[in-house]
Number of protein chains: 4
Amino acid sequence: MAGTADNRARIGVLGASGYTGAELVRLLARHPEVELALLTADRRAGQEMRQVFPQFAPLDLPKLQSIEGLDWLGAGLDLMFCALPHATTQKVVQKVFGELPAIKVVDLSADFRLADPAAYARWYGHEHHAPELQRQAVYGLVEVYRERIRHAHLVANPGCYTTCAQLPLIPLLKAKAIDPDEIVIDAKSGMTGAGRAAKEEMLFSEVSEGFHAYGVGHHRHMAELDQEFSLAAGREVVVTFTPHLVPMNRGILSTIYVRGAGASPEDLHGILARTYGGEPFVHVLPFGAVPQTRHVRGSNMTFIGVVKDRVPGRAIICSALDNLTKGASGQAVQNMNVMLGFPETMALEQVALFP
Amino acid sequence: MAGTADNRARIGVLGASGYTGAELVRLLARHPEVELALLTADRRAGQEMRQVFPQFAPLDLPKLQSIEGLDWLGAGLDLMFCALPHATTQKVVQKVFGELPAIKVVDLSADFRLADPAAYARWYGHEHHAPELQRQAVYGLVEVYRERIRHAHLVANPGCYTTCAQLPLIPLLKAKAIDPDEIVIDAKSGMTGAGRAAKEEMLFSEVSEGFHAYGVGHHRHMAELDQEFSLAAGREVVVTFTPHLVPMNRGILSTIYVRGAGASPEDLHGILARTYGGEPFVHVLPFGAVPQTRHVRGSNMTFIGVVKDRVPGRAIICSALDNLTKGASGQAVQNMNVMLGFPETMALEQVALFP
Amino acid sequence: MAGTADNRARIGVLGASGYTGAELVRLLARHPEVELALLTADRRAGQEMRQVFPQFAPLDLPKLQSIEGLDWLGAGLDLMFCALPHATTQKVVQKVFGELPAIKVVDLSADFRLADPAAYARWYGHEHHAPELQRQAVYGLVEVYRERIRHAHLVANPGCYTTCAQLPLIPLLKAKAIDPDEIVIDAKSGMTGAGRAAKEEMLFSEVSEGFHAYGVGHHRHMAELDQEFSLAAGREVVVTFTPHLVPMNRGILSTIYVRGAGASPEDLHGILARTYGGEPFVHVLPFGAVPQTRHVRGSNMTFIGVVKDRVPGRAIICSALDNLTKGASGQAVQNMNVMLGFPETMALEQVALFP
Amino acid sequence: MAGTADNRARIGVLGASGYTGAELVRLLARHPEVELALLTADRRAGQEMRQVFPQFAPLDLPKLQSIEGLDWLGAGLDLMFCALPHATTQKVVQKVFGELPAIKVVDLSADFRLADPAAYARWYGHEHHAPELQRQAVYGLVEVYRERIRHAHLVANPGCYTTCAQLPLIPLLKAKAIDPDEIVIDAKSGMTGAGRAAKEEMLFSEVSEGFHAYGVGHHRHMAELDQEFSLAAGREVVVTFTPHLVPMNRGILSTIYVRGAGASPEDLHGILARTYGGEPFVHVLPFGAVPQTRHVRGSNMTFIGVVKDRVPGRAIICSALDNLTKGASGQAVQNMNVMLGFPETMALEQVALFP
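Calculation notes
- Every chain is numbered on its own, with residues counted from 1 as its sequence reads.
- Chains carry letters and ligands carry numbers; both start at the beginning, A for chains and 1 for ligands, and go up in the order they are written.
- Only residues with pLDDT of 70 or above have their local features reported here, since the model is predicted, and side-chain atom pairs are shown and tallied only from 80 upward, although totals for entire chains, interfaces and linings are computed over all residues.
- Neither water nor hydrogens contribute to the side-chain values; these are computed over all heavy atoms in the structure.
- Secondary structure elements follow DSSP: runs of H or I no shorter than four residues count as helices, runs of E no shorter than two count as strands, and numbering proceeds from the N terminus.
- C-alpha atoms define the radius of gyration in this analysis, and the globule rule sets the expected value at 2.2 Å times the number of residues to the power 0.38.
- Accessibility here uses a 1.4 Å probe with only protein chains present; expressed as a share of the type maximum, an area under 20% marks a residue as buried, one over 50% as exposed, and anything in between as partly exposed.
- The distinction between a cavity and a pocket rests on a 1 Å grid over the protein atoms alone: a 1.4 Å probe fits inside a cavity but cannot get out, while a pocket stays open yet meets protein on both sides within 12 Å along at least five of seven lines, and a residue with an atom within 4 Å of a point counts as lining.
- Grid points are joined across faces, edges and corners, and a volume is the space filled by probe spheres set on the points.
- Residues are grouped as follows: Ala, Val, Leu, Ile, Met, Phe, Trp, Tyr, Cys and Pro are nonpolar; Asp, Glu, Lys and Arg are charged; every other residue, Gly included, is polar.
- By definition in these notes, contact holds between two residues if any of their heavy atoms fall within 4.5 Å.
- A quick way to say it: buried area is the sum, across both parts, of accessible area lost when two parts are put together, with a 1.4 Å probe.
- One speaks of a salt bridge when a side-chain nitrogen belonging to Lys or Arg is within 4 Å of a carboxyl oxygen belonging to Asp or Glu.
- Residues adjacent in sequence count toward polar contacts only when both atoms are side-chain atoms; beyond that, a polar contact is any pair of N or O atoms within 3.5 Å, and within protein one must be able to donate a hydrogen and the other to accept it.
- Least squares is the method for superposing the copies, and the C-alpha atoms it fits come from residues with pLDDT of at least 70 in both.
- The arc refers to the directions leading from the helix axis to the C-beta atoms.
- Whether two strands pair comes down to DSSP finding at least two bridges between them.
- Angles run from 0 to 180 degrees between N-to-C directions of axes, and those axes are lines fitted to C-alpha atoms, restricted for helices to the stretch in contact.
- Here is the rule for angles: anything less than 35 degrees is roughly parallel, anything more than 145 is roughly antiparallel, 65 through 115 is roughly perpendicular, and the remaining ranges are oblique.
- What counts as a ring pair is set by centres within 6.5 Å for rings of Phe, Tyr and Trp (its six-membered ring), and what kind of pair is set by the plane angle: stacked under 30 degrees, edge-to-face over 60, tilted for all other angles.

Novice: Is there a simple way to explain the overall build of chain A in this structure?
Specialist: Each helix and strand in chain A was counted, giving 12 helices and 14 strands. Over its C-alpha trace chain A gives a radius of gyration of 20 Å, about what one expects of a compact globule, namely 20 Å for 355 residues. Reported as C-alpha extents along the three principal axes, the dimensions of chain A are approximately 65 × 45 × 40 Å. Counting only residues that meet the buried cut, chain A has 67% of its 355 residues in that class.

Have a look at this one:
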């Protein structure tokens, strides 16, 4: 339990038995500057990670522990990832900061994403349990908030749908290049976005060979979209957003319909190409080309394409990422790299697994 | 080769080795009032249908023939379905009408769908080869043109994407209940819509576990949409339409974004519920519910749902059908039933195959 | 609640909210001689079938009821299907026979498949609750026991894996054409065979894009195999049997390795071709050809192929069926047709849905 | 075209537009000791790799070239991978060795796998074009031939099915622990094993939602199995082998039925556990556990499980690997690492991508 001889950062993953937890372990296991020092999974406490995710059998990993009664001081973590169910994170983070004030936290839940306590209460139906922490939390969209993340102690890792929509839209809203009142986001996600909880509607036989929308007209991810789009536009923005489920494991494609505000589709493409020219994890395709989710599978990349619609003044933007990587755990590791001063791309260089 | 002793209508399927051809055979094989008298497939001529589609092995079906040199008089067909590649149908139909003036034709290609020869030439890049037939052709959306179809000799069976979008939108445009300038159709189709031709981009390993848009900003189905929507609205309508490919075999889901013109989302739902209350193949779900493609798989049903968007004045409409059944061969059989005076639902009563 | 004016048989489906229940409703809804008079589903009691399986929305079906407290006399059923979880059927059937002695029952569970009470107790770990009924039950493999089924009151519908293996092997064992000590059955099933219960290992993301064996070395279906193979061979037969899960919804393929006992692979094919020449639901392919599950999807067909192995004396037999149709509910309807004197193929004529 | 300033080995990939070519590029792009200096693809010559495989868009890779007219001296390769169609490799390798005698070659085709020219001619229907090279070629199953590979100039990378079957069976045959006359290998592969050539039977709609065997009774991989199993057993071995296609992209599971020769199933497990205890890419599961292909997806691991059958004396062995990684390109990189003196696991440490 004491320290290791090496200088690697000691990292914990809370909630390692879920999909985002497993994806964190997959990425961190190959990170040369960190050591996986703590893995928790309440219902699987006492088990080996290989019993929960057999792909880790060849690796030497710590046993799964319960959060309850954990010796935080002994764990001596430099940073922990929280991949816990919604609303359970707030109290855990509060307690850990109490015992280990110097620890850094990347939270993958929605608990700290909304800066406004009133918005949180409205969308989630209860008061926030740790409003003082919410005030300190930095929204972890690295391409937008890199400098603030560098000095943050608590980073709220963005949602998968929101990352996919924000990366193309925030630069366009900042540039006032599109009409904020005419944005339609039609999003399609793979099934891992729904998590590993056993629900009838997520069974293979319910999901394969079919397609449908859900949460139509209202979906909690909208709160994050509203917040960040309004900040970018400097005015209130409310978009139309419809999520769908695709019979595949990984990937989100957002098809986004916008109307240029004095800007042509080519102009919009130019803004995105300039914004992301130096970014390692956002790739803007040539004008007129569109991305496919399979080409970012397992990688931390976002691919963005801009196409001219035949309706004058309108453009169609497609944005693709892997919901478990750039949409969750990959972006979380990217945040960690920034927070701990490692090269931002470290352990995130894997090329997509296609086919 | 002469007539059979029974009174069943003699039916031909041209292009029986493709997916819509096979779907026609599947449905017609159980139709009590017809006899499958002729099957053609140029490249597979001389073979048995079971060699091309083994599921038909238990059935007694005519051998596949080549169209070239066919004895049309001897075939003595009452009606034929053309499931041929685009632009090959025009001359075939011309020739057959020359030899068998009383034959009726349901064409599943796009060849006769556009009433305006100029529109045809613009979208397809060449003059129509049989403009006099194009003038006689009736657009085969039964729910809209049932009476004209009853007396038609040549019916142009609508496209799969267009059927899925027209069924919900035509009644709303006719009622002037939505703004014709703000329609966005985000459509997702299963892979059988791409046909059976061997193309790299349709291989299993290219398609599974991924999602993407194609034909963004321009797609030939738009021509049909323009025509029928403009007719319904009484003015020119140009919609935004984006097709996507889903890693599944069958099904189309269209997510349609509209703005009410003095009509609430509830009003739009009411119009659709009233329009389709007596229709056997269109089912309008309760307000706020959305359909799934899997629940219409293999059936001739269209399921439609209407939901209120959180953006004031906007509604989201989801429409689902099986692209091979109501989107192609099922609708073609429905047209045949109307044209030959059979009960419209005959051989189309199958419930969806789910799971 | 009294009788209907018509003469159709009154049918009940117990356990209508599971997959085999839904498949029964799909098939029976189009059966011209029966009326769906009762549907039960304990956890969904009071709901409409469309809430549990939306594909039935266009049909007029009775509400789901709870078995508890059912008025069996009032229901006045001619025949009921039991699609209940294992070990719950025995007491229900006992009770119903007490109230409606003339009712006929087709049970889709494993409860009445084993004729020997000792075998039942050994495989299932408890004494049978209704041993007197077990003695009356007829094993419902129609192609083998048709005459006994015609007069049965209680039919134990065979399991999906066992049907798929028994149809090719029983005739060969009866003819003493293969060595009973060298049979290896490597079986692969679609996911619907696992039912609709929400289990983590059946989630889409756990199952898609992967393949594995389960129950290796021991599996309850083996008890049925032992019983019927031993009866056919006239001596004890114990086979090697390994089930696997395929990322697809429907279908079982059994690859069966046998050694001829004085019979060549061609001889084995000849025996099967002769045995099944007149059977409507078993199709033996030409020698050397092998079946695919997709070509029997949604149909009641079994396709069987026989191939010569390069190892002298050995043959490889492939057998394919749809686990929900011929492997469960289709065979159950076939049993009903025999028990009630309807044409055996009635409501089972659908051609497979491919693609 | 000249050299780079660094000391990295210059590597070529011939046939980079196929799936094994892309997998090589995926792995090599992150290998710190090599430089991808040459990529060829005859039909795509002149294009960028990103046009053929968009996932590589963020990488800086050489343009695709044609083999015809290549300046081999100028290319100055240290090692080249041949991922070319069968029978085209022999002449290419002959020519390249003529111009660059010091080059090392890892061939992923079947061209150099059979040591016996007569066996080659019998299985492939023509004389070998480079018999003198065939004599020098080393069979590249690293776990068996590591020392010979270390000094080889030409390595024949084993086939995917054969790797999956040989890793568990060779140690057992060497130990004379199983009966060589009673081996049945029932193998199931994902679709990428069929390559990227556009064939009707590999279309998504033909393959998804179904399962079937192919090449039953005869399959070219058998030649490799015969050769290596006979070498291991010290006598002629002919096994029964049946390949099947699974609707998934990656993975092979072999279910292998054996009879112990004086060895219990536990003994067989012990032999394998001891043989592979120190191997980085073969993991033997605890006795009685079986592997799943999804847990090795994208990794270079082979997982092996041994289970006791209920038939006395028989054991069932399951072996799982990713056909594109350990079954092809991963093993090829492993061979390269051995041939060039790099750590054997370099660039192959990725954990499987699951879910």
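Novice: Help me out: how do you make sense of empty space enclosed by the protein in this one?
Specialist: Empty space among the atoms can be located by rolling a probe the size of a water molecule over them. Scanning all chains against the criterion turns up 13 cavities of 30 Å³ or more. The volume enclosed by the largest cavity comes to roughly 250 Å³. The residue makeup of the lining of the largest cavity, split by class, is 12 nonpolar, four polar and four charged.

Novice: Just checking my understanding: could you explain unusual backbone geometry for this structure?
Specialist: For residues other than glycine, phi is negative in most cases, and the peptide bonds are mostly trans. Pro355 of chain A follows Phe354 of chain A through a cis peptide bond whose omega is 0°. With respect to the helices, strands and loops of the structure, Pro355 of chain A is situated in the segment after α12 (325-340). Positive phi outside glycine occurs at Ala347 of chain B, with the angle close to 70°. Position of Ala347 of chain B relative to the elements: it lies in the segment after α12 (325-340).

Novice: I keep staring at the interface of chain C and chain D and nothing clicks. Help me out?
Specialist: Frequently, the measure chosen for interface size is the accessible area that the parts lose on association. The interface is formed by 48 residues belonging to chain C together with 48 residues belonging to chain D. In this assembly, chain C packs against chain D so that about 4000 Å² is buried in total across both faces, 53% of it on carbon and sulfur atoms. Looking at the side of chain C facing chain D, the largest losses of area belong to Glu209, Phe211 and Arg310 of chain C, adding up to 20% of the total buried there. The tally of links from chain C across to chain D stands at four salt bridges. Counting residues per element, the ones that place at least two in the side of chain C that touches chain D are β8 (184-189), α9 (204-207), β9 (212-213), α10 (221-233), β10 (240-245), β11 (252-259), β13 (302-308) and β14 (314-321) of chain C. Ranked by residue count, the leading element in the side of chain C that touches chain D is β8 of chain C, at four residues.

Novice: Just to check I follow, could you spell out the interface of chain B and chain A for this structure?
Specialist: Each partner contributes residues to the interface: chain B has 49 residues there, and chain A has 49 residues. When the area that chain B buries against chain A is broken down by residue, the three leading residues are Glu209, Phe211 and Arg310 of chain B, summing to 20%. Our count for the contact surface shared by chain B and chain A stands at four salt bridges. For Arg310 of chain A, the salt bridge goes to Asp226 of chain B, with nearest N and O atoms at 2.6 Å. The interface formed by chain B and chain A holds 30 residue pairs in polar contact (both at pLDDT 80 or more) in total. Those elements that provide at least two residues to the side of chain B that touches chain A are β8 (184-189), α9 (204-207), β9 (212-213), α10 (221-233), β10 (240-245), β11 (252-259), β13 (302-308) and β14 (314-321) of chain B.

Novice: Help me understand the relation of the copies chain B and chain A in this model?
Specialist: For these two chains of identical sequence, chain B goes onto chain A by a turn of 180° and a shift of 0.0 Å along the axis, with RMSD 0.0 Å. Such a combination of turn and shift is consistent with a two-fold rotation axis. Looking at the interface residues of chain B, 98% of them are also at the interface in chain A, so both copies use one shared face.

Novice: Looking at this structure, I do not really get the relation of the copies chain C and chain D. What am I missing?
Specialist: The operation linking the two copies of the chain is a rotation about an axis combined with a translation along the axis. In screw terms, the move from chain C to chain D is a rotation of 180° and a rise of 0.0 Å along the axis, fitting with an RMSD of 0.0 Å. Of the residues that chain C buries at the interface, 100% are likewise interface residues in chain D, meaning the two copies contact each other through the same surface.

Novice: I keep staring at helix α4 (residues 89-99) of chain A and nothing clicks. Help me out?
Specialist: Owing to its 3.6 residues per turn, the α-helix brings residues three or four apart onto one side. All names here are of chain A. Residues of α4 that are buried: Thr89, Gln90, Val92, Val93, Val96 and Phe97. The buried residues of α4 occupy an angular sector of 165° when projected down its axis, which confines them to one face. Exposed side of α4, more than 90 degrees from the buried face: Lys91 and Gly98 are the residues found there.

Novice: I would appreciate a short explanation of the pairing of β13 of chain C in the present structure.
Specialist: Along any regular strand, the residues point their side chains to alternate faces of the sheet. Residue and element names in this part refer to chain C. Counted residue by residue, β13 has six buried out of seven residues, so it is predominantly covered. Pairing between strand β12 (residues 282-284) and β13: three bridges, direction parallel. Opposite His283, over in β13, you have Phe303 as the bridge partner. Relative to β14, β13 is paired through seven bridges, and the arrangement is antiparallel. Within the sheet, the bridge partner assigned to Phe303 lies in β14 and is Ala320. What sits between β13 and β14 in their antiparallel hairpin is a turn of five residues, with Gly313 showing a positive phi close to 90°.

Novice: So what exactly am I meant to see when it comes to the packing of helix α8 (residues 160-174) of chain B against helix α11 (residues 265-276) of chain B here?
Specialist: All names here are of chain B. At their nearest, the axes of α8 and α11 sit 9 Å apart, and the two run at 110° to each other. Of the possible angle classes, the one that applies to α8 and α11 is roughly perpendicular. From α8, Leu167, Pro168, Pro171 and Leu172 reach across to α11, where they touch Leu268, Ile271, Leu272, Thr275 and Tyr276. For the contact of α8 with α11, the class distribution of residues is eight nonpolar, one polar and no charged.

Novice: What should I look at first to understand the packing of aromatic side chains in this one?
Specialist: Tallied over the full model, the rule gives 24 aromatic pairs over all chains. Aromatic pair Phe53 of chain A and Phe56 of chain A: ring centres 6.4 Å apart, planes at 85°, arrangement edge-to-face. For the pair Phe53 of chain A and Phe56 of chain A, one class covers both residues: buried. Each member of the aromatic cluster is reached from another via a ring pair, and the members are Phe53 and Phe56 of chain A together with Phe354 of chain D.

Novice: Is there a simple way to think about the side chain of Ser208 of chain D in this case?
Specialist: Summarising the element assignment, Ser208 of chain D is placed in the loop between α9 (204-207) and β9 (212-213). Once residues within four sequence positions are removed from consideration, Ser208 of chain D is found in contact with Glu209 of chain A, Phe204 and Asn249 of chain B, Arg294 and Arg297 of chain C together with Pro247 of chain D.

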